[in-house]
Amino acid sequence: MSNKLITKTLFKDFNNLNKIWKNCFLQNNLEQNLKEIFNYIESEINNGALIYPANPFRSLFNIKDLSKIKVVILGQDPYHNEGQADGLAFSVPSNCKIPPSLMNINKELKQEYNNINLETAKDLSFWATQGVFLLNTILTVEHGKPMSHANQGWELITDAIIKFVSNNNSPKAFLLWGLAAQKKTKLITNKIHLILKSNHPSPLSAYRKPLPFIGCNHFIKTNEWLISQKKKPIKWLIPKK
């Protein structure tokens, strides 16, 4: 998709968001912040920058009822190489080479379920359809420049989203992977939710103590907690074709 089309898609997707998200932005007086972000992205594209993903609001798009969210997994910013970022945190298109962080997520899944022969999960939309909210705290990135859109206003938007979801009284599990995600703990003030923390699944930190990602057992712990809340557990394992 060309960058010009990405710009059009950004505005179109925002305009088509469900009213619950627009209410969230209105309640937090974020209209001007959103306008500034859109202007910044449009200016970067006009100057020749490649911006990913094409659909930054994809994680919000099909959520029409906050009570349907059972799990929130927070990422940092989108993958910054061509063809990777698909609008869901940690997810990539099924035809894409698997990035290292997602490789470790698959490694942890296989370890928790004691099955090294599980199919590798790339496109995580099958989690999203079950009520897993895969949200990056920064929603866009420039090609080849990780964290290039930090401090451009996205954090205000996603902090408001996290607080908005936390204030909903349907119990949810928040999986906070990495320091950036763990800093959002202060936004999750509703005591009915479960909060699980570990290092980021990146190879740089996945094994680092005291909170290694590999061995965290977050997938099993989340499902055990969902069952205790009388909620249907998540089918984390990729469906067999």
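Residues numbered from 1 in each chain as written. Predicted model: local features only at pLDDT ≥ 70, side-chain atom pairs only at ≥ 80, totals over all residues. Heavy atoms only, no water.

Along its length, the chain carries 9 helices and 6 strands. In terms of C-alpha radius of gyration, the chain reaches 17 Å, essentially the compact-globule figure of 18 Å for 241 residues. Principal-axis analysis of the C-alpha atoms gives the chain an extent of 50 × 40 × 35 Å. Within the chain, the proportion of its 241 residues that are buried is 53%. For the chain, long-range pairs separated by at least 24 residues make up 68% of all intrachain contacts whose partners lie at least 6 apart in sequence. Total accessible area on the chain stands at roughly 12,000 Å², and carbon and sulfur atoms take up 53% of it. (Helix = DSSP H or I, 4+ residues; strand = E, 2+ residues; numbered from the N terminus. Rg over C-alpha atoms; globule rule 2.2 N^0.38 Å. Buried < 20%, exposed > 50% of the residue type's maximum accessible area, 1.4 Å probe, protein only. Contact = heavy atoms within 4.5 Å. Areas by Shrake-Rupley, 256 points an atom, 1.4 Å probe, with all protein chains shown as cover.)

Here Val72 shows up in strand E2 (residues 71-75). Distance from Val72 to Ala173, taken between C-alpha atoms, is 6.1 Å for residues 101 residues apart in sequence.

Before going further, it helps to examine the sheet that holds strand E5 (residues 173-177). Here we have 4 strands laid out as an open sheet, ordered E3-E2-E5-E6, and parallel in their pairing. Edge positions in the sheet fall to strand E3 (132-136) and strand E6 (194-198), since each has one partner strand and no second. Pairwise comparison of adjacent strand axes, ignoring direction, gives a mean angle of 15° for this sheet. In this structure, E2 lies alongside E3, joined through 5 bridges in parallel fashion. Across the sheet, Ile73 pairs through a bridge with Leu134, a residue of E3. Here helix H7 (residues 154-166) sits on the sheet and contacts E2, E3 and E5; the angle it forms with E3, its principal contact strand, is near 155°. (Pairing = 2+ DSSP bridges. Axes fitted to C-alpha atoms, helices over the stretch in contact; angles between N-to-C directions.)

Looking now at the packing of helix H3 (residues 31-46) against H7. The interhelical angle for the contact between H3 and H7, taken along N-to-C directions, is 135°, at an axis separation of 9 Å. Compared by their axis directions, H3 and H7 come out oblique. Here H3 runs over H7; the crossing is left-handed. Mapping the contact onto sequence places Asn33, Leu34, Ile37, Phe38 and Ile41 in H3 and Trp154, Leu156 and Ile157 in H7. Taken together, the residues that form the contact of H3 with H7 break down as 7 nonpolar, 1 polar and no charged. (Parallel < 35°, antiparallel > 145°, perpendicular 65-115°, else oblique. Left-handed = near helix turned anticlockwise from the far one by under 90°. Nonpolar A, V, L, I, M, F, W, Y, C, P; charged D, E, K, R; others polar.)

Purely geometric numbers; function is a separate question.
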